[in-house]
Protein chains: 2
Amino acid sequence: MGEVICTVDVVLLTIEQEQLMVALSEREHVPFAGRLALPGGYVHAQDASVFDAAMRVMRAKTGFTPPYLEQLATFSGPQRDPRGWSLSVAHYALVPFEMIGPAAAGRLSLVPVAALPELPFDHGQIVSEAVARLRSKSHYSSLPCFLAGDVFTLPQLQRMYELLMGEALNKVSFRRKMGEMDMLEAVEGAFGAAGAHRPAQLYRLKEAYRARVMTLERGL
Amino acid sequence: MGEVICTVDVVLLTIEQEQLMVALSEREHVPFAGRLALPGGYVHAQDASVFDAAMRVMRAKTGFTPPYLEQLATFSGPQRDPRGWSLSVAHYALVPFEMIGPAAAGRLSLVPVAALPELPFDHGQIVSEAVARLRSKSHYSSLPCFLAGDVFTLPQLQRMYELLMGEALNKVSFRRKMGEMDMLEAVEGAFGAAGAHRPAQLYRLKEAYRARVMTLERGL
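This is a predicted model, so every value here is computed, not measured.

What follows concerns the overall build of chain A. Scanning chain A from N- to C-terminus turns up six helices and ten strands. Taken against the 2.2 N^0.38 rule, which gives 17 Å for 220 residues, the C-alpha radius of gyration of chain A at 19 Å falls within 12% of a compact globule. With the principal axes as the frame, chain A shows a C-alpha extent of 60 × 40 × 30 Å. The proportion of buried residues among the 220 residues of chain A is 35%. Partitioning the contacts of chain A with sequence separation of at least 6, the portion at a separation of at least 24 is 64%.

With that settled, consider the packing of helix H3 (residues 123-138) of chain A against helix H5 (residues 154-165) of chain A. The angle between the axes and the distance between the axes are what describe a pair of packed helices. Residues and elements named next belong to chain A. Remark: H3 packs on H5, axes separated minimally by 9 Å, with the N-to-C direction vectors making an angle of 130 degrees. Looking at the two axes, H3 sits oblique to H5. Once H3 is placed against H5, the crossing between them reads as left-handed. On H5, the residues that touch Leu134, Arg135 and Ser138 of H3 are Tyr161, Leu164 and Met165. For the contact of H3 with H5, the residue count by class is four nonpolar, one polar and one charged.

What follows concerns the sheet that holds strand E9 (residues 184-192) of chain B. All names here are of chain B. The three strands are arranged E8-E10-E9 in an open sheet whose pairing can be described as antiparallel. Only two strands of the sheet have a single neighbouring strand rather than two, namely strand E8 (152-153) and E9. Inspection of the sheet shows E8 paired to strand E10 (residues 200-205) by two bridges, in the antiparallel sense. Within E10, the position partnered with Phe152 by the bridge is Tyr203.

Residues and elements named next belong to chain A. With an omega dihedral of -5 degrees, the bond running from Val30 to Pro31 counts as a cis peptide bond. Structurally, Pro31 can be placed in the loop between strand E2 (19-26) and strand E3 (36-37). Of note in this structure, Gln17 is not a glycine but carries a positive phi near 45 degrees. Relative to the elements of secondary structure, Gln17 occurs in the loop between strand E1 (5-16) and E2. For Gln17, a count of 7 C-beta atoms within 10 Å translates into the label exposed.

Residues and elements named next belong to chain A. Looking at chain A, the domain boundaries give domain 1 (5-123) and domain 2 (139-209). Using only C-alpha atoms to locate each centre, domain 1 and domain 2 end up separated by 28 Å. In this complex, domain 1 contributes nine residues to the contact, which on the side of domain 2 involves seven residues. Taken together, the residues that form the side of domain 1 that touches domain 2 break down as six nonpolar, one polar and two charged.

For the rest of this paragraph, the subject is the confidence of the model for chain A. Reading fine detail from the predicted coordinates is not recommended where pLDDT is low. All names here are of chain A. On average, chain A scores 87 in pLDDT, and the residues at 70 or more come to 92%. Mean pLDDT across the elements of chain A bottoms out in helix H2 (residues 97-106) (79) and peaks in E3 (96). Confidence drops under a pLDDT of 50 for residues 216-220, and excluding neighbours within four residues, the segment shows 15 contacts in the predicted structure. In the model output, the complex is listed with pTM 0.81 alongside ipTM 0.77.

A separate point is the sheet that holds strand E9 (residues 184-192) of chain A. Spatial ordering of the open sheet is given by E8-E10-E9 (chain A), a layout of three strands whose pairing is antiparallel. Sheet topology places strand E8 (152-153) and E9 of chain A at the edges, where each strand pairs with a single neighbour.

Residue and element names in this part refer to chain B. Considering the arrangement of structural elements, one finds Ala33 in the loop between strand E2 (19-26) and strand E3 (36-37). When the 10 C-beta atoms within 10 Å are taken as the criterion, Ala33 is described as exposed. When neighbours within four sequence positions are excluded, Ala33 is seen to be in contact with Arg27 and Glu28.

Take the environment of B:Ser136 next. Residue position: B:Ser136 is located in helix H3 (residues 123-138). It is 27 Å that separates the C-alpha atoms of B:Ser136 and B:Leu36, two residues lying 100 residues apart in sequence.

What follows deals with the environment of A:Val50. Residues and elements named next belong to chain A. Mapped onto the elements of the fold, Val50 is located in helix H1 (residues 50-62). The class for Val50 is buried, based on 26 C-beta atoms found within 10 Å. Remark: the alpha-carbon pair of Val50 and Cys6, spanning 44 residues in sequence, is separated by 9.4 Å.

So, about H3(B). All names here are of chain B. Spanning 16 residues, H3 covers 22 Å between terminal C-alpha atoms, matching the ideal 22 Å at 1.5 Å per step. Listing the buried residues of H3 in full gives His123, Ile126, Val127, Ala130, Leu134 and Ser138. The buried residues of H3 all sit within an arc of 105 degrees when viewed along its axis, so they share a single face. Contacts made by the buried residues of H3 are with strand E1 (5-16), E2, E3, strand E5 (68-77), strand E6 (86-94) and helix H5 (154-165).

Here is what the cut-offs are and how they apply
Residues numbered from 1 in each chain as written. Chains lettered and ligands numbered in written order. Predicted model: local features only at pLDDT ≥ 70, side-chain atom pairs only at ≥ 80, totals over all residues. Helix = DSSP H or I, 4+ residues; strand = E, 2+ residues; numbered from the N terminus. Rg over C-alpha atoms; globule rule 2.2 N^0.38 Å. Buried ≥ 20, exposed ≤ 12 C-beta atoms within 10 Å, placed from the backbone. Contact = placed C-beta atoms within 7 Å. Axes fitted to C-alpha atoms, helices over the stretch in contact; angles between N-to-C directions. Parallel < 35°, antiparallel > 145°, perpendicular 65-115°, else oblique. Left-handed = near helix turned anticlockwise from the far one by under 90°. Nonpolar A, V, L, I, M, F, W, Y, C, P; charged D, E, K, R; others polar. Pairing = 2+ DSSP bridges. Domains from an automatic or database assignment. pLDDT = per-residue confidence, 0-100. Expected span 1.5 Å × (residues − 1). Arc of directions from axis to C-beta.

Structure, rendered in structure tokens:
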């Protein structure tokens, strides 16, 4: 066939005030100029891969490098883009709010995924699938840690899992699961606030787990 | 950028004589004409999506419609295809051996994934990722049922899970898990061979599960 329009789009997710938020940016060019949409762009000949294209787009549109970026799925067809047959390799990124906040002030709009406006292209569907992926992985993976920042207390981390899974978790079984996954280490001598309680130990991902996602295998 | 070469490739998997096999076809055109590779082809303007392109390629190269086809991931870069910057949206299909056997006799070669020859492009990596996806999903999904055929006995189904998971399963807990997932129904009055034992009840996926994959959610 003639040229397929090849793009990447990124669903950048963070948690602000206990809500899962997605970052949108105002489109500079037609189609849909001026509308809020997922940050994205064309694949360039200089990109080493679509992953690299997504990283390049992220840096250009946000000014930072997301700590976690993964390919979600490829969305395609003759109707999704008025310019012609197109394909977008969608990625999703998880970013602590402290990292995205300053960028959002300038060029990104954070919108709750629970109250998403109508988005151009099939970006609404792309956001839904990213959230579904995130929720399904939260049941047994280290993904929520990437939303919690570099260091966190166990109650803060448990809250991330609860927000993503949409249910309250038992503290004892949460801590047992974290122990089984063996991916956290205490930061020696570092303590965080813990409400009315005494300061709580701060944890971080062990180095081996900082660049990849750990999943807890559960045999039948 | 200029034109990105957009293709789809399919990792067609089956189990023959207790081995996980992948179907390869001989390439008709350059590059790598005459070499065994994953069945694949260009995305066409008439395709409604890359999924449709993968289905079209499957029908053209095998003569049948796979009962289960899912997008795996998109592989891309300037080096993977000598023709230029290319992108392949890889899919994987699960097919009972009875369906693939006759097709394989004519135009497909079944090769054990454990003894894969060197493949052109990055097809070796694509096969590895498909097998990894299948194995990870086997722990809690209905995927192995699609390898077992339309009807099967519970011992046959358990053997599919064991082959994919690479471990022996306890019969009682396997049956309890199948009960929890509630996706099977007995075929009334139909029995299959069961070695030296009396004939075993035949089962099939409930209709609601025949077109999609069921996963057993496991909370923390």
